[in-house]
Structure formats: structure tokens, C-alpha cells
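Observations on the three-dimensional arrangement
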Amino acid sequence: MIDSSQVVIETSRVSKTYRRGFFGKKPFQALNDVSLQVPKGEIYGLLGPNGAGKTTLIKILLGIVRKSGGTATVLGHAAGSMEARRNIGYLPENHRIPRHLTANTAMEYYGSLSGMPMSEIRAERSRLLDLVGLKGREKERVSGYSKGMLQRLGLAQSMLHRPQLIILDEPTDGVDPVGRREIRDVLKQLASEGHSIFLNSHLLQEIELICTSVAILNHGKLLKTGSVKDLTVALADSPIQMQLTGDERAIRNAFANQSGVIIREVTPGAFSVDVRVARQEDLDLLVDTLRSANVSIWRLVRREQTLEEVFIGIVGAAAP
Amino acid sequence: MRACFAILKDSFREAAASRVLSIALIGIVVVLLALSPLGLSSVPSTKLRPFELVDTEQFVKTIVDGKNSVETPAGHIWSLMNDEQKAAAEDWLKPNSSDDNARRDQPGPPRRGRIQGRVLDFINGLLKKPDFYRPESWVSIEMDDELRSTDDPSMAPDTLAVRNLKRFALAFPQSVNIQDEMSLSLTYGSITLFGPLRAPPEQTNKIIDSAIIAILSIFLGFFGVFSSLLVTSTIIPRTFEPGEISLLLSKPVRRSVLFVTKFIGGCAFTLLCAGVLVTGVWFLLWLRFDLWRPELLLCIPLYVFLFAVYFSVSAVAGAIWRNATVSLILVVVFWIVVTTAGAIHGFMDNIYIRSQQIVEVTVAGSEIFVVDGSKTFSRWDADRSDWSPIFEQTGGNSFQQAMERMMRSGLRIHPVASPDGAKIIALQPEFSRFGGAAPATLVTGHKENNYAREVESAAPEPVFGVFQTRSGDIILPGTRGVYQFAGVSDQTRKFQEFSRGYLGGLFSSSSKAFETLTTKEMETIRGDASVAFNPVDDSLVIWNNGKLLKLVRKEDGKYEPGPTREFEKKQSAIVATGGDFILCALADGQILALDAVSLETIAEGSIPKGEKPKRAELTADGNWGVVLTHAGNLVTFGGQEKSFLPWTPRENGTISAISFDSEGQLIVANGRRSLSFYQASSQSPVKSVSGQVTWPFHVYDLVILPLYKVLPKPSELDNAVRYLVTGEKSVVIDSNQGDQAASDSEDLSQNRVSFDLWSSFWSNVGFIAVMLTVGCVYLMRRDF
């Protein structure tokens, strides 16, 4: 458990059931007893396949959707309350900024809605538009903006009132690789300044690159939470990669009893072997067998998992 | 609050960014620029206008009578006529062997108007001729030296016409009444479009008012509102699209505030359009017509309010379905529903309810007679506890009778009864089947015949009512004199019945049936005048366009002019007289209680603001007087207190008729088929009689009226515009002016429809509030 003063988002057994059908008689459970703690000052990723309930959870935190059960607090206030929303910056997925606005007037509009005085908005907006790469385009109507430019503008407005918590739903959607890198840099800078960021993205590599912690959601259930480092650390059953030199027949004989082994001849007499050996005793025995067959072991390494592998592993394991 | 301003500002931005707004604003500016050269210029009158030739017949008669005396203006003008004109003039005056009324009603357009037009053309043609003025012919006419001097031959035709018009008016004071020596011309820049206008200045203002109302109703009330709806129908659905609403709801703004502020902001479009158009019209009126009408600016919020009624439907539909097309369709459906409800209410109210409600009451002895809106006479039948129709119209089939009743709906019957109730007398409004109206027919009914209608004779000319003196004389004051009914023979009556039924009113008046009680010098009374009869001394009191005239009855039965009083305000009024008092209820709402002898003002009162007087009555002793407005409100005057009293009967606001009985009890009709009697001394109710009401009344009272009250009435906001522009809360619904003299003001006794401005305002406010509440509750409970 984290000290509550160090938590920006806390949910306890939050659930949401939608009613579907003409008379609302068909229930659909979008969230099921989700309990989560997001530490302050972190970039926290929320992962899950489509329909997992990620956006529903975010909307509950913002009060856009009413929860069916459980409790949720944001920055110490009830989720969705005016006090909570006052200190949240939000970039929704597929957001739409009114087409008659320019970047400047959009910033004025959203800044005013956040309660900022106009003088403050005007002082801040040029810095932020510069930061997201919209300098020089701020007087153009957003109807002429590309998807990426709209994402940048959405990100700028979410930061405008210097919120303690920024919730981003697919922030790099539609942004080119260079832009993505720039956005990642902005987020890292914000985190370094003490802002907390709650990030929902399909791009696991991106999450892995910038998030300190993640939560994995599937079918409305929270499957896993933890730091990226802990989740991707080498586990006992991680694949082992070996580089060997010696007689090919002796090598193949040594691995004869192992299933799923992949042996490739890299150069004449030199072989690369991928094998999954869970128990240390079995690995020791394998090394002894190779050595007794006069096979040289140049390299033996147990490989770390990518976040994607972890995600697929967790979600796949939870599949019904 | 900052958030609210931000949303409002965004709505303005959105409206400003709209192409439709730009097009609308450009269109409005173009219209205003196109109208800006319009103006009125005041120039000396060079032509005699129709309303100034107050008695065409008298004028022609004067000319024909003076044909042998060339030393008079009439003789000189006769000498200027060609043979055809002379023959036409003599032919028109030629008496008919059986009925001198025949000359008025000929097939084709009303001959009166046609002849007046020809006479006007002839006179106006003469006015520009140098030989019109012959000093020798005008010797007997009082004129100043300038007019009497001979005209310079080089004088411009218009200057000559101005001088000749003045001479002409001075020569024929009985027939010509020049109300204003200046006449107005409608100009467009330096070009004169129309002029001089045939209407007098005060009516010109009314025409301008009507034009303003029409412009505002068409451009703002219809095109403005619906184009605004077209543009703004997307605002709410777009706001609640998933991508936009999520962003907005993440801000510290309440959903209800967001919705209501977006709604208010949506009104920005109409505000801009209405603001530009109304301000432009206001400036034009000020700069070009010299009319300072700041109240016109109130039309801006009014039209925004009208738009808000429709937009509230659009907004709620947009929030629920998030589809602009659905919003627009529902607005159209809403418009159809409220229009249909209004039409059904209007149809029931005007066609059925008004036709059934009591509009005139007469009590004589134990008999109570009433006339309802369909001009059906009824008598109270105590045995049946209901009204029994009497005085049925004879002649013609039932369809013809129904049509005639409908056409007469705006005209008064003026029933009177003999003191014992054995005889009733009334005026049956008539109209020629060849077009136009004819003088009313005097009809009577006798108790022994179960009050069967007996046609006596057509009045000699348009009359203002029928009165019965204490001695039983039947007096009919008309536009050119006062007449006493002398009776007709049975043979004549039968002929007239035949004439009325089959010849469309031709030959229906007998020249012997009426005795003229005034001299030829009596001034002509305008058609919109009001006449009252004082049963104490048989005197007549006449309000004639700002002039109060008392006609006193001499011992020989003739009438002669008595005291007169000129009022500053040249307007219409309703008068009543009784005892020592005269009540004058003026069109502007002021009520004057005057001394019947000196005509001095004793007390001043007023009817509710914006309302118009409909009837005025005084008891015979003058102790109690009442003024009824077209909105059904009563103002009472106490003769003993010599002041206006704060008392009103419980039926106030729904009263459709008033009268006093011989005991001085006030009788009020409740707008349905019931009467209440109030005692004069205590003003407490004495008794009431209630006729049975038929099922349509119940349907109207229990279903249609409540529904109509609850539903918004956006279309009635046009009435508010009318009120703002004209200051009037009612408008004439029957324009059956009859054969009355040309009138440039209004006949207050005519049926009017009153606007219940506050009722429609509050129903609209209530509707907007309900719709916005529904929208807010829906949005607060909805997940996005």
C-alpha cells in the first residue's frame, strides 16, 4: 500500500454496468471491482485490449461516466467532483475541438473553462503551443489542422492550467514518429516537474519507454499492476540463449530430451541454441552433458521479457 | 462565471464564423440601405383628399342647386362642368318615386365610392386651372385678403392649386373639411413615389406602424427565426458529440450550466440579426420619418425570446439525439402542434364561443333580453331557466340567414325595450347584396306576437343607434341629422320585406317613415363617432373626433345644438350620459366624467393600460356609471362620489356586456350565457341568471382552453410587437364599417380581439423553463 498522500488516483472495487437494448434490460459489465493506486509524480500506463474498460475507467475518474459501485478518488477528492476536475488536464481519445476556433482561441476557450484568467492564458499559451510544435500555426482555424496537429493542440490545452494530474487517452494517436518522440519528451519533462500522468495507449513500446508503472486491464478486470521494471524482469522460465562450439552430433544429443529447442549453425562448428529450461538442476545437468561431450559454452544468458510479451502472456493466460 | 462567459463567447464566435450569419447580415444591411432613401415630405395640399370630402351628396346637391346663380362658387363651378358631368350630377340626385335610397345601391362597385371618386377627380382637375377662381363668385365667402386677391397668371400650377383648395374649402364648409393644409408624400431620395398621400397624417403613422410590424414579423418573426434555427440546430448536437463533450465535461463546469449557457449562446445568432435589423429600422424611422420610437428596440429581446421558445425544443432534441436533422424535424413538429392548438383555440373562440356569448343586454320590467355574438335575440325564460330565442329573422333560407348573421357579427344591434318589456326595437345591420353596406333596418317585436320580428323601415342613412324617449318616441341619430321614426303602413312594410329578401336592400326605406328633427345646418358626424342618449331630458351627446357636442331637444321635439367642447386629442371615444353626467372613455385609455350641462371635467380615470373602451353606460339618474373594455374589464364611476371607484365585479376580466336596469342595478354578462345583477348602493350581487351552456363550451373550457394555456404561444408574440409599436393591446377583428362616413380613426364599439400579452409571455417562459429543466436533468443523468 502507498501512503494516500502520495496517491493521485485511488479506486476501490470500482465497477460499471451499462444497460443495453431498447429498454435497457441487457446489462453489460464494463468494469468489475477495479482497485488501483496511482502514485504521485509518475507516468502511469493503463494497458488493455480494445473493450477492456480503460476509457470507461478514465471517464469515471473524470465524472463523465457514473460508476455503478465502489469508490474512486482523484487528488484526494471524489472522482468527477469539481475540486478534482479543477486540477486535472485531460486529452480524450478522438477528441474534437470546435472547427471555428484557432489554436489561440481554443486555448482561450479551454483555459477559461478551467477557470484561468485571460491574462494568464495569453501568457501561457504561446509557450505551450511552442512546446507542442504549433508555433506559427496558432492563428489558423483548427478545421485546417491535421490529426497530429489536433493531438498536439489537445495536449497543449490539457497542460494549460498546470494541472497536478494529466490524463491522456491515446495521446500519440495519429502523430508521426518524430512527433511521438517530441510528445514523449514533453511527458517526461512534465513528470520531472512533478506532474502525475495517467496514460492510456495501445502502443506498448511507448508505454514501456516512458511509463514507470502500468496496470493491465482486460474484460473490465484489473489483471496486473506494477512497475515496468518488475514486470519485464527475467523470470525462471524465460528462454535461455546459448552459443556453443563443438561437434554438432554431440550438441544435438545433449538437447535430445528438451522440447522446443532451436539449434542454428551460425558459422561452421559454431551454434546458437534457444531452449526453455525452467529448473536450475536441469540446466546444470545440461551444462555437464555438454562439457562432457567436449562442447565449449561461449555464452549462456537467460533473456528479459518485453512489455508486449508480458502483456500478451498475462492477457492470454486470463483468456477464458 | 468565467466558464459561462467563455461558452457564451464561443457561441458568438461560432455564430460569427457561420456563413449563414454573414449572408443574413449582408441581406439585412442591403434591405436597410435600399429602404434608407424612403421618407415622407410634407408639402402644402394641392388636392382634395377623399376623407376631406365628408359629404359628397351634399356637395353635388349644392352645386346643382346653385346652377342658376353664377355669382356663387356653386354656380361658377357648375359653369365649369361639361354637359356630361352636369347630366351625371343631376341624374344622381334625381329622386326615386318609391325610395330615394335606391341611388346608393346599384349593381357593381358601391356607387357611393365611385361617385365620390369622380367628384374628387373633377374638383382636383379644376383646382389647377386659372379660371377656377372668379372673384365675383366668392364675394359672399369670408376670406383673407391674400386669398381674395386675383392670382398672378404666371403662378405655378401647384401654388395655384394650394390657394384654390383653401378657397374651395371656405366655399363649401358643409361638404368639405380640410383637416390638414399640409399633405404627405412618400419619397425615395429626391423622387416622389406617391403623393400626396390620401390618408391624413395620423393615419399615415398607423400605416407606417403596420409596415413596421409587417417588416419585423416577416423578416424576424419568420425568416429570422427559422434561419437562426437552421444555423443553431447544430450547436447542441455538436457540443454533445463524444469527442467534444468529454473534453468539456473534464473541465470544472456543471453539465446544467454548460447546457443552459450553450442554449443562451445559441440565441446570439438571432440577437445579432434582430439587433441589426431593428436598430436599422429604428434609425431609418428616426432619420427619415422623424419618428422617435425607442420602444421599437424592445423588439430585439422580444424576437430573441421568440427564437428561444423554438430553440429550447431544438436544444433538448439535440442533447438527446445529438442530431441536427432530428432537432429541426422536431422543431417543425412543435411548430405544427402549437399552431394547430392556436388555430383550434382561435376557431372555437372566434367562431363558436364569441357567437354564443352575450354581447348586449336590455332589461325592461320583468323581461330580460339579450343578444349574443351571432346576433340572435333571446329572452330569459324563467320556466325553463334558459334563454329562449325570439325575434327570429324572416326571409331568405337558413343558409342565407346564417351568412347574414356572420357578416353582421361586428355590428351592433342596439336593442331597446319599452319600459314594460312589451315591445322591443332594434337596428338590424344591412348590407347590399351588390357590395358595400346599407343603412340598418329598424325592426320591432311585440310580446303579443311572441316578439316576432317585424321590419319597419330602413333608416334614412347610417345611424349610431336607436333610443326610446320617456314618451315613447323612437330616435335615431345619424351622420347628417337626428330622425324620429314615424311609423309605416302595412302595405309599405310588406313591400319592404319583399325588397329586403329579394332585391338586396333596394327600395327598402320609406321617405315618410322618418321625420328629421335637426336642421340642415347640423354638422356632419363622422362614422366613428359615439352617440349617447340621456333619458332624463332626451338630449343626445355626441363625441365627434375630439369634439363633444350636446344636442338638446326642444319642446317641439326638434333637436338643436347645445353646448360643445373641443378636446385637444382628436381621437375616438365611447360616450354615455345619464342624470347630470357624461362619461367619455377615450381611445387612449383616459376616462373623463363631465358635467352634462357645462361639459366641464369633474373627474378623470383610466382603463387598464393598453386596453380600449368598448361600452360605457350610466344609470338614468347618473348615480352609477361603468366603462367596459374590450378585454372584459370594468371601470366604475360613482355619481354621488363624483369619482371613479375601485370596485369591480367578480366577473371582471371576462365581461362581455353591461347594462343598467330601470332600478339602477348593474347587469354584467360573464362572457358566456350568464348575467349577474349588482345593487347600486352596496355594489353587492343581487341575483344571477344562467343559461344552459352546450357541450362545445365544456369542451372549450375543460380541454381546449387549459391546453392552450399550458402550451406555449410563440405566434402570439407578434401581438407583443404590435403592442410595442402601436401601444395597443387589442385589434379590430370585424371591419364591417357599414356605410359610415370615411373614417381616419377607429370605431371603438367594434369587436376587437384583445391580446393577453402577459399570459402568452408567461406560458412561453414556462415552456422554455420546462424544456431547459428536462434537458438539464437528462444530461445530468446521462453517461457520455
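Right, let's walk through the structure included here. (Residues numbered from 1 in each chain as written. Chains lettered and ligands numbered in written order. Predicted model: local features only at pLDDT ≥ 70, side-chain atom pairs only at ≥ 80, totals over all residues. Heavy atoms only, no water.)

Let's shift gears to the overall build of chain B. When helices and strands are tallied, chain B shows 20 helices and 33 strands. By residue count, 55% of the 784 residues in chain B fall in the buried class. (Helix = DSSP H or I, 4+ residues; strand = E, 2+ residues; numbered from the N terminus. Buried < 20%, exposed > 50% of the residue type's maximum accessible area, 1.4 Å probe, protein only.)

With that settled, the discussion passes to the environment of Gln243(A). All names here are of chain A. Its place among the elements puts Gln243 in strand 11 (residues 240–245). Look at Gln243 and you get partly exposed, because its relative accessible area is 37%. In this structure, the C-alpha to C-alpha distance between Gln243 and Val301, residues 58 residues apart in sequence, is 9.3 Å. Those residues in contact with Gln243 that lie beyond four places of it in its chain are Phe271, Ser296, Ile297, Trp298 and Arg299. (Contact = heavy atoms within 4.5 Å.)

On to the packing of helix 3 (residues 103–113) of chain A against helix 5 (residues 147–159) of chain A, then. All names here are of chain A. Between helix 3 and helix 5, whose axes approach to 10 Å, the crossing angle comes to 35 degrees. Note that helix 3 runs across helix 5; the crossing there is right-handed. Packed against helix 3, whose contacting residues are Ala103, Ala106, Met107 and Tyr110, the element helix 5 presents Leu153, Ala156 and Gln157 at the interface. Among the residues forming the contact of helix 3 with helix 5, the class breakdown is 6 nonpolar, 1 polar and no charged. (Axes fitted to C-alpha atoms, helices over the stretch in contact; angles between N-to-C directions. Left-handed = near helix turned anticlockwise from the far one by under 90°. Nonpolar A, V, L, I, M, F, W, Y, C, P; charged D, E, K, R; others polar.)

All names here are of chain B. On inspection of all chains with the given rule, the structure shows 34 aromatic pairs over all chains. Taking 5.0 Å as the distance between ring centres and 75 degrees as the angle between the ring planes, the aromatic pair formed by Phe59 and Phe172 counts as edge-to-face. Note that Phe59 is positioned in helix 3 (residues 56–65) and Phe172 in the loop between helix 8 (157–171) and strand 2 (182–188), a separation of 113 residues in sequence. For Phe59, a relative accessible area of 2% corresponds to the buried category. A relative accessible area of 3% means that Phe172 is categorised as buried. Ring centres 5.4 Å apart and planes at 50 degrees place the aromatic pair Trp282 and Trp292 in the tilted group. Residue Trp282 is located in helix 13 (residues 268–289), and its partner Trp292 is located in the loop between helix 13 and helix 14 (299–321); the two are separated by 10 residues in the primary sequence. Taken together through their ring pairs, the aromatic side chains of Phe59, Phe132, Tyr133, Trp138, Phe168 and Phe172 make up a single cluster. The cationic tip of Arg167 hangs over the ring face of Tyr133; the distance from NZ or CZ to the ring centre is 3.7 Å. Cation over ring: Lys687 sits above Phe677, and NZ or CZ is 4.6 Å from the ring centre. (Phe/Tyr/Trp six-rings, centres within 6.5 Å; stacked < 30°, edge-to-face > 60°. Lys NZ or Arg CZ within 6 Å of the ring centre and 35° of its normal.)

Our next topic: the side chain of Gln357(B). Residue and element names in this part refer to chain B. Tracing the chain through its elements places Gln357 in the loop between helix 15 (324–356) and strand 4 (358–364). Of note is the side chain of Gln357, whose polar atom sits 2.9 Å from the backbone oxygen of Gly671. With residues near it in sequence (within four places) discarded, Gln357 still touches Val371, Asp372, Gly373, Ser656, Gly671 and Arg672. (Polar contact = N/O pair within 3.5 Å; in protein donor to acceptor, adjacent residues only side chain to side chain.)

Our focus in this paragraph is the sheet that holds strand 5 (residues 77–78) of chain A. Residues and elements named next belong to chain A. With antiparallel pairing, 4 strands are arranged side by side in an open sheet as 2-1-4-5. Looking along the sheet, the strands with just one partner apiece sit at the ends: strand 2 (26–39) and strand 5. Where strand 1 (residues 7–20) and strand 2 come together, 10 bridges link them in antiparallel fashion. When the bridges of strand 2 are listed, Val7 appears paired with Pro39. (Pairing = 2+ DSSP bridges.)

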